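# Architecture and fold: a report
Below, each chain spelled out in residue letters.
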Amino acid sequence: MEPTESLTPAVLWRPLEGRRVHCQLCGFRCRIAEGKLGHCAVRKNVDGKLYSLNYGKVVAGNPDPIEKKPLFHFLPGSRSFSIAAVGCNFRCEFCQNWQISQAALESGRVEGESLSPEQIVEAAVRTGCKSVAYTYTEPTVFMELAAECGRAARAQGLANVFVSNGYLTCEAVDFASDWLDGINIDLKAFSDDFYRCLCAARLQPVLDCIAHIARHTRIWMEITTLLLPGQNDSDEELRKLAGFLVSEAGPDVPWHISRFYPQYRYTESEATPLESMRRAEEIGTAAGLRYVYLGNVPGEKSESTYCPGCGRMLIERMGYRIVANRIEDSKCPHCGMQIAGSGL
């Protein structure tokens, strides 16, 4: 694949002997020979230097409810201008946005509308958004655009959020920590076999990323797990996953349990039974997580936020819409308990 536009220098890499380069952006830590692409198919070694092929090539750009990310404890009720560029470092069999996430790999083309960071931020301000979200594909692999856009957004008083598979290296997290305010990480399972077989990736880099964000940054974090029937929904695995979140990210990290519907190459499975989701919710609560949500199930009471202290409903949701928000100064108005989050 030969890029048709000027190349943009990549961030987070170092040169190796023989004109190879070592990318340090994600958990694959690709060692890329001259003329070759990284695992994401959007970073290329040209003459012994690493370049981004998807800078400024935006394939989606529109305002969304922040709840759609999902982020329930970050500026609730606001809108986030959501952008994406082609590319992903995972190969999930059940990907919901495969048309754009896998395009560079499957078609060999990196396409998109030429938009500058300033144009993106201008669109966010014009549409009344309070943040810019880097989402739909994997934002890690368009870090160059995200970084410039993130700094421009900060200058205009906007926040920045990632919706990510969590394969960022610790170096990438630190690189983004000056301008990244929130992140939702897909913890897809608590099994390395699941990651290997269904995502062509590994579990440990995701766990390392979650722990690093929790311990070493001020980035607000929420976690999502898409429950695939018979794959990642056993009680034993869910107990381990919830226990990890409590011990490494803390009991206040919100956990979104999302309902699966057949997608992409994973179409033989049924949708996630509601009974499985409710059981996962019970396991998360029993492990000590204070905020557990069920997603893709409009009308379920577990879409809403309840006070961990007195149990009163504080934020009532219907799908992505907030019906009522009773939180006052980040506290429950009934018992005074502090509610975890940012901008509540």
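Here the structure is shown first, and the text comes after it.
Before going into details, it helps to say that this report is about the structure given with it.

Rules used in this analysis
- Residues numbered from 1 in each chain as written.
- Predicted model: local features only at pLDDT ≥ 70, side-chain atom pairs only at ≥ 80, totals over all residues.
- Heavy atoms only, no water.
- Pairing = 2+ DSSP bridges.
- Helix = DSSP H or I, 4+ residues; strand = E, 2+ residues; numbered from the N terminus.
- Core = buried A, V, L, I, M, F, W, Y, C linked by side-chain atoms within 4.5 Å.
- Buried < 20%, exposed > 50% of the residue type's maximum accessible area, 1.4 Å probe, protein only.
- Contact = heavy atoms within 4.5 Å.
- Salt bridge = Lys/Arg side-chain N within 4 Å of Asp/Glu carboxyl O.

## With respect to the sheet that holds strand β17 (residues 313-318)
- A sheet is described by the order of its strands in space; here three strands give the open sequence β16-β17-β18, paired in antiparallel fashion. A strand with exactly one partner marks an edge of an open sheet, and here the two such strands are β16 (305-306) and β18 (321-325).
- Taken together, the two bridges between β16 and β17 define a ladder with antiparallel strand orientation. Counterpart to Y306 in the pairing with β17 is M313.

## Quick notes on the nonpolar core
- Counting residues in each nonpolar core, the largest one holds 80 residues, and the members touching the most others are F94, L187, Y195 and W255.
- Those residues in contact with Y195 that sit more than four places away from it in its chain are F90, D186, L187, K188, A189, A200, A201, R202, L203 and V206.
- In terms of nonpolar packing, the next biggest core, distinct from the first, is built from 17 residues, F72, Y293, I327 and C332 among them.

## With respect to the pattern of salt bridges
- Applying the stated criterion across every chain, the model contains 18 salt bridges.
- Here E316 ties to R326 by a salt bridge, and the two come within 3.7 Å at their closest N and O atoms. Here E316, found in strand β17, pairs with R326, found in the segment after β18; they are 10 residues apart in sequence, far enough to count as distant.
- Three or more residues joined by partner-sharing salt bridges are found here, namely D64, K68 and K69.

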